[in-house]
Structures are given as structure tokens and as C-alpha cells.
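# Geometric and topological summary
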Amino acid sequence: MTVLKLYTYPEPVLKKKAEKVKKVDDDIRHLLDDMLETMYADAGVGLAAPQVGVSKRIVVIDVEQEGDEESGEVVKGKPLFLVNPEIVWRSDEMVCGEEGCLSVPKQRAEVERHAQVRVHYTDYNGQEQEILGDGLLAVCLQHELDHLDGILYIDRISRLKRQMIIKKLQKQRNEE
Ligand code: NI
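Residues numbered from 1 in each chain as written. Predicted model: local features only at pLDDT ≥ 70, side-chain atom pairs only at ≥ 80, totals over all residues. Heavy atoms only, no water.

### Remarks on helix α2 (residues 135-148)
With 14 residues, α2 should cover 20 Å at 1.5 Å per step; its first-to-last C-alpha distance of 21 Å lies within 8% of that length. Burial analysis of α2 places 11 of its 14 residues in the buried class, the great majority of the element. (Helix = DSSP H or I, 4+ residues; strand = E, 2+ residues; numbered from the N terminus. Expected span 1.5 Å × (residues − 1). Buried < 20%, exposed > 50% of the residue type's maximum accessible area, 1.4 Å probe, protein only.)

Quick look at the structure:
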């Protein structure tokens with residue numbers, strides 16, 4: 001498995017609507033494995049294919065991973081592989097929580113999301129599945145599925161906050 005290059009704001013691939021996957025074959029499974037490895041390498045809870053420069057409707061999530069205190073390495077929890085995921089139900093109840101994104105490095109902001117969502121998707125083996133997300137999983141599903149439509153969490157906050165984050169990103173880059 002390979003750790004892939006991460007694409008960060010303002011790479012154009014992050015703003016594109018990603019394409020549907022026709023079939024879950026070995027190439028797609030290979031990409032899913034590499035995406036999971038890349039997500040763990042950066043201690044993210046979710047990763048969408050556009051974030052590794054691939055404009056396809058693919059997401060990996062693991063909200064149950066833990067850091068090993070001694071080695072600092074990630075201990076896998078329950079990885080989810082979602083191909084062509086689609087939100088089929090959203091709760092009326094909303095929640096507000098801090099989010100970050102591997103494509104917007106070292107920044108965080110409060111984002112409003114639905115408290116629960118039901119998502120239909122195709123899994124690693126090409127089987128149709130449905131999952132009801134609650135808590136962190138619900139937020140993560142909405143955040144990652146947004147990536148497939150070219151939406152970043154900073155598109156869901158106030159213009160003022162967004163501009164502050166973009167400024168900080170530019171400053172970070174100039175210092176690197
Ligand atoms: Ni993200």
C-alpha cells in the first residue's frame with residue numbers, strides 16, 4: 001500500500017464534481033487501500049478521492065481509530081469504504097462542531113451539520129449497503145460526501161471566517 005500525495009486548497013480538483021464509479025474492480029480496491037493508508041498516515045478520520053487528485057466518488061472513513069500512546073502510530077478501528085455514496089435521509093436536528101480537513105492543513109472552524117444521516121453506497125466488495133450515521137460519523141459522512149461535489153467545509157462557514165482561514169493558509173505556505 002502506498003501513501004498518496006495530498007491535494008490542498010486551492011487545487012482545482014477539490015472544486016470539481018467527482019465522477020461516479022462504474023464498477024468496483026481491483027483498480028478501485030487498490031485505490032481504496034491506498035486512500036486508507038494515506039488517511040491513517042495523516043491521522044485523518046476521513047478522506048475523499050479528490051483529496052488525492054482522483055475525481056471519483058470514493059470515500060474512506062474510520063472514526064474509531066486510536067493513536068497508540070507508545071509508538072504514536074494509528075491503531076485501525078473499523079474502516080468504511082464507500083463507493084458512489086449518497087445521502088438518502090437527513091435528520092431535522094442540526095449540530096454544530098469543529099471540523100478540520102487534510103486539504104486545509106492545520107485549520108479548524110465550527111460547521112453546522114445534520115445530527116444524523118442515512119447513506120446508501122457500494123462497499124469494497126461491490127455490494128450495495130446502507131449506513132445510519134450519528135455523532136462523529138454523521139458529521140464525517142457529510143464532510144467527505146461534500147468533497148465529491150467540490151465543497152470544502154470552509155464553503156459552509158461565514159465569508160469573514162473563510163477569508164481568515166485562507167489568509168492563514170497562505171501565510172503557512174510562505175513560511176514553508
Ligand atoms: Ni476534508
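Next, the rest of the story.
### Details of the coordination of the nickel ion
For the nickel ion, every protein donor is listed as C101 (SG), H143 (NE2) and H147 (NE2), and the spread of their distances is 2.1 to 2.2 Å. Sequence positions of the donors to the nickel ion reduce to the motif C-x41-H-x3-H. You can see H143 and its partner H147 sitting in helix α2, 4 residues apart, about one turn around the helix. Note on accessibility: H143 and H147 belong to one class, buried. (Donors = N, O, S within 2.8 Å, 3.2 Å for Na, K, Ca; no water.)

### Notes on the pairing of strand β9 (residues 128-134)
Bridge analysis of strand β8 (residues 116-122) against β9 gives 7 bridges, and the strand direction is antiparallel. Paired with R118 across the two strands is L132, which belongs to β9. Connecting β8 to the antiparallel partner β9 that follows it, the hairpin turn spans 5 residues, and G126 within it adopts a positive phi of roughly 80 degrees. (Pairing = 2+ DSSP bridges.)

### Focus on the environment of G77
Mapped onto the elements, G77 comes out in the loop between β4 (74-75) and β5 (80-90). For G77 and Q65, which are 12 residues apart along the polypeptide, the C-alpha to C-alpha distance reads 4.1 Å.

### Description of the nonpolar core
Grouped burial of nonpolar side chains is what soluble globular proteins tend to show. V59, I61, L80, L82, V119, I131 and L141 are the most contacted members of the largest nonpolar core, which has 17 residues in total. Put simply, the parts of the chain that give this core at least two residues each are β2 (58-61), β5, β8 and α2. Sorting elements by how many residues they give to this core places α2 first, with 6 residues. In this structure, M35, Y40, V52 and I58 belong to the second largest nonpolar core, which totals 16 residues. (Core = buried A, V, L, I, M, F, W, Y, C linked by side-chain atoms within 4.5 Å.)

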